[in-house]
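Letter by letter, the chains look like this.
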Amino acid sequence: MLWDLYCRVVDNHGDVGVCWRLATALAALGQQVRLIIDDASALAWMAPHGQPGVTVLPWAAPPVTGDVVVEAFGCDLPTAAVEQLHKTVQRQQPAPVWINLEHLSAEPYVERSHGLPSPQPGGLVKWFFYPGFTARTGGLLREADLLTAQSRFDRMAWLAGRHITLLPAERVVSLFCYDNPRLAELIQALAEVPTLLLVAPGPAQQRVAALPRARSTEALPPRRSTAALPKHVRTVALPWLTQQDFDHLLWAADINFVRGEDSLVRGLWAGKPLVWQAYAQQDGAHHRKVQALIEQFAPAALPAAVQALWRGWNGAPGVAIDLQTLAPGEVSSDWSAAAQSLRNRLLLQPDLASQLLRFVMAKRVA
Ligand code: TRH
């Protein structure tokens, strides 16, 4: 089938990131995809080699509507595309299927809303498709060869390929986050053990670059919350990596700090202890999202101290970042166990692209 996947880049990189992964996942299932996008610039670093089966087009309705029209994150199709869809539905059997791909959340409304129709003017129907963490959702994007690729991954070779040498007993922490005033506090917490902090571009790099470099921990003022970079933390500012290499970064790290939607999913597949920063919403709705995701770890619950770390990192009022949480020990082995247990459960779900394909096939014959 021919898929028209419409994407508007609202902010950051998740809109294009999710759409590109979906496009390539559909192509891997033998589908033809036109990714129609208003700003494809990030694809230059995210996916510089493109993908057979995926064509990237500028934001305009192609002359002929595809078999499936996917509107990512309610991006509102160009008017001409909706007009075209109306005409095609009247004259073509099976008619094109119109999907609204929604944002990822672990909140309960997702199960209630997944797969519901939204009647549109002129008798058209748009179907809500929700990614999610349970069997009553559309699942998560995942490649068929993910486990094989992970089992072949050589962490030391990957680090060496980026000219990064690990010191004895040093752990690796990756950091991809929104601007976060607690970063200096976090770095102090990480300094409990020798840590190599691999910092993604954006606000994290800006904040780290602004920290004064301490020559040694002894030279630091006595207050733990000082904003200097302690001697046990070495930082490397990474360039923008391809999506595939971004996965490698997450597989190479011992702890991952991820954000938004797509890097969260990739962090979950990495199966390492992770901390998620949700996209902050003015009304504080992101705190509910964080809590809902924390609850997905049950029955292998995240240790309480890690839950507090997640809340503190997301700016929950009155929650301090517990410096001990990031020290190795029992909490971190429970933390690893929780991450692996959730990953194993999620691996049992069919992936999002396969579920979407099945959903569309069912709507075409209905
Ligand atoms: O960039 P994000 O914050 O994206 C957004 C926002 O949360 C936004 O509100 C939401 O609407 C949207 O997601 C869906 O975080 P995210 O989702 O993790 O997207 C980042 C993408 O960038 C992801 O596909 C991974 C990719 N990436 C690379 O390919 N290389 C890199 O070096 C890095 C740091 C990221």
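Nothing here was measured: the structure is a model prediction, and the numbers come from that model.

Calculation criteria
- Residues numbered from 1 in each chain as written.
- Predicted model: local features only at pLDDT ≥ 70, side-chain atom pairs only at ≥ 80, totals over all residues.
- Heavy atoms only, no water.
- Pairing = 2+ DSSP bridges.
- Helix = DSSP H or I, 4+ residues; strand = E, 2+ residues; numbered from the N terminus.
- Axes fitted to C-alpha atoms, helices over the stretch in contact; angles between N-to-C directions.
- Contact = heavy atoms within 4.5 Å.
- pLDDT = per-residue confidence, 0-100.
- Core = buried A, V, L, I, M, F, W, Y, C linked by side-chain atoms within 4.5 Å.
- Buried < 20%, exposed > 50% of the residue type's maximum accessible area, 1.4 Å probe, protein only.
- Domains from an automatic or database assignment.

Visitor: How would you sum up the sheet that holds strand 11 (residues 255-259)? Please name residues and give values.
Guide: What the five strands build is an open sheet, ordered 10-9-8-11-12; its pairing is parallel. At either end of the open sheet lies a strand with only one pairing partner, and these are strand 10 (233-237) and strand 12 (274-277). Here the average twist between neighbouring strands, direction ignored, is 15°. Two elements, strand 9 (residues 195-199) and strand 10, share five bridges in a ladder whose sense is parallel. Bridge pairing links Thr-195 to Val-233 in strand 10. Against the sheet, helix 7 (residues 183-190) makes contact with strand 8 (171-175), strand 9, strand 10 and strand 11, and its axis sits at roughly 170° relative to strand 8, the strand it touches most.

Visitor: Run through the confidence of the model for the chain, naming residues and quoting values.
Guide: Scored by pLDDT, the chain comes out at a mean of 92, with 95% of its residues at no less than 70. Contacts for the low-pLDDT stretch residues 214-226, under 50 throughout, to residues beyond four places or in other chains number 18 contacts.

Visitor: Could you give an account of the nonpolar core, with specific residues and numbers?
Guide: Counting 69 residues, the largest nonpolar core has Phe-133, Leu-175, Phe-257, Leu-264, Trp-310, Trp-313 and Leu-326 as the members making the most contacts within it. With six residues, the single largest contributor to this core is helix 7. If you count residues domain by domain, this core takes at least three from each of domain 1 (2-140 + 350-365) and domain 2 (146-347). For Leu-326, the residues in contact, after removing those within four places along its chain, are Arg-171, Leu-186, Ala-189, Leu-190, Val-193, Ile-255, Phe-257, Leu-309 and Trp-335. Formed by 36 residues, the second largest nonpolar core is a distinct cluster that contains Val-16, Ala-23, Ala-42 and Ala-353.

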